[in-house]
Amino acid sequence: MDQSVLWLSDVGEIAKSNLRKEAKGRGVDPDRLVFARRVASSSEHLGRHRLADLFLDTLPYNAHTTASDALWADLPVVTHIGNSFAGRVAASLLSAVGLPELITRTRAEYEALAIELALDKQKLADIRGRLQGNHLTASLFDAALYASRLETAYEAMYQRHQAGLPPDHIDVQARG
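**What about the overall build of the protein chain?**
Tallying secondary structure elements over the protein chain gives 7 helices and 5 strands in all. Scanning the protein chain from its N terminus toward the C terminus, one meets helices and strands in the order β-α-β-α-β-α-β-α-β-α-α-α. Oriented by its inertia axes, the alpha-carbon framework of the protein chain measures out at about 65 × 35 × 35 Å. By the burial criterion, 31% of the 176 residues in the protein chain qualify as buried. When the accessible surface of the protein chain is totalled, it reaches about 11800 Å², and 55% of it is carbon and sulfur. In the protein chain, which carries 20 positive and 22 negative side-chain charges, the distance between the mean positions of the two groups comes to 4 Å.

Written out as structure tokens, the structure reads:
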């Protein structure tokens, strides 16, 4: 872990300066903070994700599209599930891709899992391999299944409305 870096989205100079100052104050070499600029194409964006070893999600606001992009690029995501919608997105994505073991419930679990995966290259490679294999079967990557379930949900909502029933939870199963 001594050679690890924290790869962050590029932010303004004041924010970068503050982050570097905070890192230095905590005994971390500020040069270990790497700021990635926006790129023109999604293929370049996803290609950068493939260069990383591990995606560390944030709280109280989880990554949304960025976590989905990471998973699409076979980059394992470690998340700490929150209590609000915004803090549960990455956990939903990990469940949909078949990697619930990357969802932690406490800060201590989150830190321990991140460190374990950083140190155990074989375990991390195994998870990445499962993620790659899940591209063919995971609901997160199956647009047709998603569309089918969405249509089923819309039909169930419409039927409830037509029957004069109030909104409620709908358990959606894919149509055959």
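And the narrative resumes.
**Topic: the environment of Gly-82**
Tracing the backbone shows Gly-82 in the loop between β4 (77-80) and α4 (89-96). When the C-alpha positions of Gly-82 and Ser-4 are compared, they lie 26 Å apart, and in sequence the two are 78 residues distant. With residues up to four places along the chain from it excluded, the contact list for Gly-82 reads Leu-59, Gly-87 and Arg-88.

**Quick notes on the nonpolar core**
Counting 28 residues, the largest nonpolar core has Leu-71, Val-78, Leu-94, Val-97, Leu-99, Leu-102 and Leu-117 as its most contacted members. When residues of this core are traced back to their parent elements, those giving at least two are α3 (65-72), β4, α4, α5 (107-119) and α6 (121-133). Sort the elements by how many residues they give to this core and α4 lands first, with 5 residues. Look past the residues within four positions of Leu-71 in its chain and what remains in contact with it is Val-77, Leu-93, Leu-94, Val-97, Leu-131, His-135, Leu-140 and Phe-141.

Conventions we followed
Residues numbered from 1 in each chain as written. Predicted model: local features only at pLDDT ≥ 70, side-chain atom pairs only at ≥ 80, totals over all residues. Heavy atoms only, no water. Helix = DSSP H or I, 4+ residues; strand = E, 2+ residues; numbered from the N terminus. Buried < 20%, exposed > 50% of the residue type's maximum accessible area, 1.4 Å probe, protein only. Areas by Shrake-Rupley, 256 points an atom, 1.4 Å probe, with all protein chains shown as cover. Lys, Arg positive; Asp, Glu negative; His and termini not counted. Charge placed at Lys NZ, Arg CZ, Asp CG, Glu CD. Contact = heavy atoms within 4.5 Å. Core = buried A, V, L, I, M, F, W, Y, C linked by side-chain atoms within 4.5 Å.

Note that all results are geometric; they support no functional claim without further evidence.
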